[in-house]
Amino acid sequence: MKRMLLFIGWSLCAAVPLYLWSATMAAQGGEIALLDVAGLLGHLAYAFLFLQACVILAFPWTEPLLGTQSSYEIHEKFGLMALTALLSHGFLFVAVYGGLPRGFFLWPAHAAFFLLCLNLLLSYGAKAGVIGYHLWAETHKSAALIFPLFFLHGALIFRGSYSTPIAVYYGVLFLLFMILAICRLKRGERLKRHAHKILDIIKENHEVWTVVCEKKRFKYVPGQYAFIRTIHNGRISAPHPFSMTSQPREKNVAFTVKWVGDFSSTIHHLKPGDSLVIDGPYGQFSFLKYDSPEMVFIAGGIGITPLFSMLRYAHAVKSRHPILLLWGNKRKDDIIFRQELKQMTLDMERFKVVHILSREKSKRGERGHVDEERIKKYVEQPYRAHYFICGPAGLQKNTVRILKEMGVEEKRIHVEKFSVV
Ligand SMILES: Cc1cc2nc3c(=O)[nH]c(=O)nc-3n(C[C@H](O)[C@H](O)[C@H](O)COP(=O)(O)OP(=O)(O)OC[C@H]3O[C@@H](n4cnc5c(N)ncnc54)[C@H](O)[C@@H]3O)c2cc1C
């Protein structure tokens, strides 16, 4: 219901320029000229750019309704719609004037158009793996200028006629954009002021550490994630997404981090008493949302984290639900939470763990990767089970493909991506 209201709100927002334009055309009478259509396309582009910016600015409030992946997809789609409207807007002017009109008012529009094209190109490049994450993340900050630049273009065009309905519409959207931006900044400041004290840093293996911190009033469901920032020696890091590995009934909250780069390599330097800024919870990846005769968790390496929160929860509530964990790791030493898993198999009679190791020499146990053979061998009710998959992109893609080829319905397959592009 809330989701539907959100979509209605968005559609109305994009429909207003269409209505205002039609009303103006009807009042003027006569035929509609190409320039009028060009104007309408410009107004539509403005509405799409506003919506594109809002999906990200309002992320903390809209993500629980839309989900993380849908929010990013909607953001991308509004960007493409804005680009199409802007291109058509420009082409119509060229068609009428034989070139673009000149004037200072065009510079902000050119800049906005350039930034939109650049950001879309880099985003697709990052998705395809051609452009590195950091180059994408740094350049994507420039996208924050696109909507204000387009507003400036409109403000320069409407000079002297700020009371017309369409000028008021431009003003209202810009005001809403500014209010959202301020709310988001204030939220960031509030989260920093209420940072969570770190209580413990636990070494899980040679490359994985768990940060345990006070919970305060942080509420979440097992399987969700949060953006965390560390405050160490007075310095605050950039936000990075991590799944909670604790379960909601615990008195503390925990994140388990694998050393992969700049940020994750600093985790083991943290000390009890340092602070963690937690922005969340986010995500829809939780078994609590589904009723199923069997839950199948498929993890690759550190992809165990959201699934482990669910397992801890199932253990805490003494679940009698059949749960199967198929967990792929390279070697035995990579397996974290070993003792706790053993205890869970003892306490939950319908819980089973199968370790699949790809680089272990000994022949004991399953070797290789999670594949169709293993799924068919261990899953009792393959077509009635719900599957929760988290791990490297390759494992996710392969497992989803295998399940679909086996004929498992799409609605039974749930994936958590450890990537934001
Ligand atoms: C929803 C979600 C949940 C996650 N949960 C866990 C978890 O429980 N445990 C765990 O070890 N890892 C988790 N990750 C992955 C984790 O966020 C990255 O490994 C981490 O941000 C890497 O940062 P880095 O600077 O150490 O490494 P880098 O070498 O700088 O980056 C490695 C890769 O991590 C991603 N990344 C880097 N910085 C960011 C950022 N600021 N925001 C988003 N992605 C970034 C990029 O894809 C990049 O290519 C999760 C990711 C997502 C999206």
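Residues numbered from 1 in each chain as written. Predicted model: local features only at pLDDT ≥ 70, side-chain atom pairs only at ≥ 80, totals over all residues. Heavy atoms only, no water.

Trainee: What's the story with the pairing of strand β12 (residues 386-390) in this structure? I'm lost.
Mentor: Working note: regular strand, side chains alternate between the two faces of the sheet. Counting buried positions along β12 yields five of five residues, so the element is predominantly enclosed. The alternating pattern of β12 places His386, Phe388 and Cys390 on one face and Tyr387 and Ile389 on the opposite face, and all of these are buried. Both strand β8 (residues 295-300) and β12 contribute to a ladder of five bridges, which runs parallel. Bridged to Val296 within β12 is Tyr387. Across four bridges, β12 lies against strand β13 (residues 413-416) in parallel orientation. (Buried < 20%, exposed > 50% of the residue type's maximum accessible area, 1.4 Å probe, protein only. Helix = DSSP H or I, 4+ residues; strand = E, 2+ residues; numbered from the N terminus. Pairing = 2+ DSSP bridges.)

Trainee: Even after reading the chapter, I still don't get the pairing of strand β9 (residues 323-329), so can you show me in this structure?
Mentor: Where burial is concerned, most of β9 is hidden: seven out of the seven residues are buried. Burial along β9 is two-sided: the residues Ile323, Leu325, Trp327 and Asn329 and Leu324, Leu326 and Gly328 are all buried. Since β8 and β9 lie parallel, the crossover through helix α9 (residues 304-316) that links them has a hand, and here it is right-handed. Bridging between β9 and strand β10 (residues 351-357) involves seven bridges; their strand directions are parallel. Counted as the bridge partner of Gly328 is Ile356 from β10. After leaving β9, the chain enters helix α10 (residues 338-347) and then returns to the sheet as β10, a path that is right-handed. (Right-handed = clockwise from strand over helix to strand, strands pointing away.)

Trainee: Quick question: what am I supposed to make of the environment of Arg374 here?
Mentor: Here Arg374 is to be found in helix α11 (residues 372-378). On the basis of relative accessibility, which here comes to 8%, the residue Arg374 falls in the buried class. Remark: the alpha-carbon pair of Arg374 and Ile356, spanning 18 residues in sequence, is separated by 9.1 Å. The residues contacting Arg374, other than those within four sequence positions of it, are Ile356, Glu366, Arg367, Gly368 and His369. Within the structure, Arg374 has its side chain in polar contact with the backbone oxygen of His369 (distance 2.8 Å). (Contact = heavy atoms within 4.5 Å. Polar contact = N/O pair within 3.5 Å; in protein donor to acceptor, adjacent residues only side chain to side chain.)

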